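Inside the fold
Letter by letter, the chains look like this.
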Amino acid sequence: MSHGSTRSNPPNVDDPTLHLFDKVESLKDEAKNILETTTWPGKSAAVAQEFLKVIKNTPDLRNISEPAAPSSPDLDNDGQQVIKVLEDVQGRLAGASSKYGAGKEGVSGSIKEAISWGSTRSSKILQSCREDAENAWKPLYRRLKIDLGP
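Residues numbered from 1 in each chain as written. Predicted model: local features only at pLDDT ≥ 70, side-chain atom pairs only at ≥ 80, totals over all residues. Heavy atoms only, no water.

1. As for helix 3 (residues 73-100)
The terminal C-alpha atoms of helix 3, which comprises 28 residues, lie 40 Å apart, in line with the 40 Å expected from a rise of 1.5 Å per residue. What helix 3 keeps buried is the set Leu 75, Asp 78, Gly 79, Val 82, Ile 83, Val 85, Leu 86, Val 89, Leu 93, Ala 96, Ser 97 and Tyr 100. (Helix = DSSP H or I, 4+ residues; strand = E, 2+ residues; numbered from the N terminus. Expected span 1.5 Å × (residues − 1). Buried < 20%, exposed > 50% of the residue type's maximum accessible area, 1.4 Å probe, protein only.)

2. Description of the packing of aromatic side chains
According to the stated counting rule, one finds zero aromatic pairs in the structure shown. The ring centre of Trp 137 lies 5.8 Å from the NZ or CZ of Lys 28, which sits over that ring. (Phe/Tyr/Trp six-rings, centres within 6.5 Å; stacked < 30°, edge-to-face > 60°. Lys NZ or Arg CZ within 6 Å of the ring centre and 35° of its normal.)

3. Quick word on the nonpolar core
Core analysis: the biggest nonpolar cluster contains 34 residues, and Leu 35, Phe 51, Leu 61, Leu 93, Trp 137 and Leu 144 have the highest contact counts within it. The set of elements that each furnish at least two residues to this core consists of helix 1 (16-37), helix 2 (44-57), helix 3 and helix 4 (111-143). Counting residues per element, this core draws most heavily on helix 3, which supplies nine residues. (Core = buried A, V, L, I, M, F, W, Y, C linked by side-chain atoms within 4.5 Å.)

4. Points about unusual backbone geometry
One non-glycine residue with positive phi stands out, namely Lys 145, at about 60°. Checked against the element boundaries, Lys 145 lands in the segment after helix 4. Relative accessible area serves as the criterion here: at 59%, Lys 145 is assigned to the exposed category.

5. A short note on the side chain of Ser 123
If you trace the backbone, Ser 123 turns up in helix 4. Among residues more than four places away in sequence, those in contact with Ser 123 are Lys 43, Ser 44 and Val 47. (Contact = heavy atoms within 4.5 Å.)

6. A short note on the pattern of salt bridges
By the definition in use, this model includes twelve salt bridges. Ionic pairing is found between Lys 23 and Glu 87, a salt bridge with its closest N-O pair at 3.8 Å. Remark: Glu 87 occurs in helix 3 and Lys 23 occurs in helix 1; sequence separation between them is 64 residues. Here Lys 23 falls in the partly exposed class, since its relative accessible area comes to 34%. Judged by its relative accessible area of 39%, Glu 87 falls in the partly exposed class. Its salt-bridge partner being Glu 134, residue Arg 130 comes within 3.4 Å of it at the nearest N-O pair. Here Arg 130 and its partner Glu 134 are both found in helix 4, four residues apart, which amounts to about one turn of the helix. When its relative accessible area of 18% is taken as the criterion, Arg 130 is described as buried. (Salt bridge = Lys/Arg side-chain N within 4 Å of Asp/Glu carboxyl O.)

7. Considerations on the environment of Leu 20
For Leu 20, the location among the structural elements is in helix 1. Accessibility expressed as a relative area gives 5% for Leu 20, which makes it buried. For the pair Leu 20 and Val 82, spaced 62 residues apart in sequence, the C-alpha separation works out to 9.6 Å. If sequence neighbours within four positions are ignored, Leu 20 has contacts with Leu 75, Asp 76, Gly 79, Gln 80 and Ile 83.

Put into structure tokens, the structure is as follows:
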């Protein structure tokens, strides 16, 4: 089933799967907001843009009008794992944004050293967050039969 199909009955607003999807998308939105509103130092800006692109290219689960997989314990477990990881990612992004974002000079004496050090550290954090998020949501999208592409 494609995620663009229509449903003959209106969605059940008490459906736990819909609440799970809302939470996943809310956390993706929070991550996008941090990535978009932070001025990342040096080369980490490119890493942040790539992570942002990955998030934007994942299908929005709120737009699935007919679940490709019925609500099940496996779907719930996959969704809860995604939520757990995305909550952790959001926290790490917020911390990195606060520590390495615009106006932060780090602990080095010179601005040049601080930017280089902050760029390297924030790039590693951003890359780790991206990998964790991708690894967490792939099983959920696979269970929903949604192709994430290459």
